[in-house]
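Commentary on secondary and tertiary structure
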Amino acid sequence: MTEMILLEAEENMDNAIEVAKNNFASIRTGQASSAMFANIAVDYYGAPTPLQQLASINVTEARTVVISPYDAGAKKEIETALRNSDLGVNPSDDGQVLRIVLPQLTEERRREYVKLAKTKAEESRVTVRNMRRKAKDQIDASVKDGEVGEDEGQRAEKELDALTKKHVDAIDALLAHKESELLEV
């Protein structure tokens, strides 16, 4: 019984780590990356559509990205979505593709991105802690109902705490890596 609860909690916490990785990948650093555009939604015929479904994204140089729309009619909407995103980019239209030259990050902008990364890390930590609370409530309920003994409940709780610590530490390591990426000049 408790093994199932712990397995489900670990799976959910692993998913939270994946979400944190994706969130960190979408934060811009000094280098261009196609992952920066993962969270951009384009208003395509009235429906918000992920940019990856509407165009190919190629990093041609360290700070240059070329976006080739599959549908030429969607180019204006893609350009608008890029301008309105929090990436701070200004795409230029050469008739067939959109080119984005990422400006060098200023110290102020780097610090803003570090704050954003810390916010996303805290959101991920809260998610992991909420999953811990849910699993602990399930363990407590099964002890109260007599489905498992108190000793097994305490052992499962200790395992749950170790699992939570492992996942929070992983999020902290991801944050430290992203911070070092952002602050290197």
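Coordinates for the structure precede this section.
Nothing here was measured: the structure is a model prediction, and the numbers come from that model.

The secondary structure content of the chain amounts to five helices and six strands. Listing the helices and strands of the chain from first to last along the sequence gives α-β-β-α-β-β-α-β-β-α-α. Its C-alpha atoms give the chain a radius of gyration of 22 Å, more than 25% over the compact-globule value 16 Å for 185 residues. Expressed along its principal axes, the backbone C-alpha trace of the chain runs to roughly 70 × 40 × 20 Å. The buried share of the chain, taken over its 185 residues, is 37%. Expressed as a percentage of contacts within the chain between residues at least 6 apart in sequence, the contacts between residues at least 24 apart total 63%. When the accessible surface of the chain is split by element, carbon and sulfur atoms take 50% of a total near 10500 Å². For the chain, the distance from the average position of its 25 positive side-chain charges to the average position of its 34 negative side-chain charges is 6 Å.

A separate point is the sheet that holds strand β6 (residues 98–101). Taken in spatial order, the four strands make up an open sheet running β3-β4-β6-β5, and their pairing is antiparallel. Two strands bound the open sheet, and with one partner strand each, they are β3 (55–61) and β5 (92–93). Contacting β3, β4 (64–69), β5 and β6, helix α3 (residues 75–84) runs over the sheet at an angle of about 15° to β6.

Attention shifts here to the nonpolar core. Membership of the largest hydrophobic core comes to 24 residues, with the highest contact counts inside it found for Met13, Phe24, Ile27, Val128 and Leu160. Put simply, the parts of the chain that give this core at least two residues each are α1 (2–25), α4 (107–144) and α5 (150–183). For this core, the element with the highest residue contribution is α4, accounting for eight residues. Apart from the residues within four sequence positions on either side, Ile27 is in contact with Tyr113, Leu116, Ala117, Lys120, Lys178 and Leu182. Counting 20 residues, the second-largest nonpolar core is a separate cluster that includes Ala32, Leu51, Val89 and Ile100.

To continue, consider the pairing of β4. For β4, the tally of buried residues reaches five of six residues, placing the bulk of the element in the interior. Two strands pair when backbone bridges link them, and β3 and β4 are joined in this way by six bridges, in the antiparallel orientation. Following the sheet pairing, Asn58 is matched in β4 by Val66. Adjacent in sequence and paired antiparallel, β3 and β4 are bridged by two residues. Of the strand pairs in this sheet, β4 and β6 are connected by four bridges, and their pairing is antiparallel. Paired with Val66 across the bridge in β6 is Arg99.

Once that is clear, we can look at the pairing of β6. The alternating pattern of β6 places Leu98 and Ile100 on a buried face and Arg99 and Val101 on a face that is not buried. Summarising the sheet, β5 and β6 pair through two bridges and their orientation is antiparallel. Residue pairing for β6: Asp93 is matched across the bridge by Leu98. A loop of four residues connects β5 with β6, the two strands running antiparallel in sequence, and Gly95 in this loop sits at a positive phi of about 105°.

Basis of the calculations
- Residues numbered from 1 in each chain as written.
- Predicted model: local features only at pLDDT ≥ 70, side-chain atom pairs only at ≥ 80, totals over all residues.
- Heavy atoms only, no water.
- Helix = DSSP H or I, 4+ residues; strand = E, 2+ residues; numbered from the N terminus.
- Rg over C-alpha atoms; globule rule 2.2 N^0.38 Å.
- Buried < 20%, exposed > 50% of the residue type's maximum accessible area, 1.4 Å probe, protein only.
- Contact = heavy atoms within 4.5 Å.
- Areas by Shrake-Rupley, 256 points an atom, 1.4 Å probe, with all protein chains shown as cover.
- Lys, Arg positive; Asp, Glu negative; His and termini not counted.
- Charge placed at Lys NZ, Arg CZ, Asp CG, Glu CD.
- Pairing = 2+ DSSP bridges.
- Axes fitted to C-alpha atoms, helices over the stretch in contact; angles between N-to-C directions.
- Core = buried A, V, L, I, M, F, W, Y, C linked by side-chain atoms within 4.5 Å.

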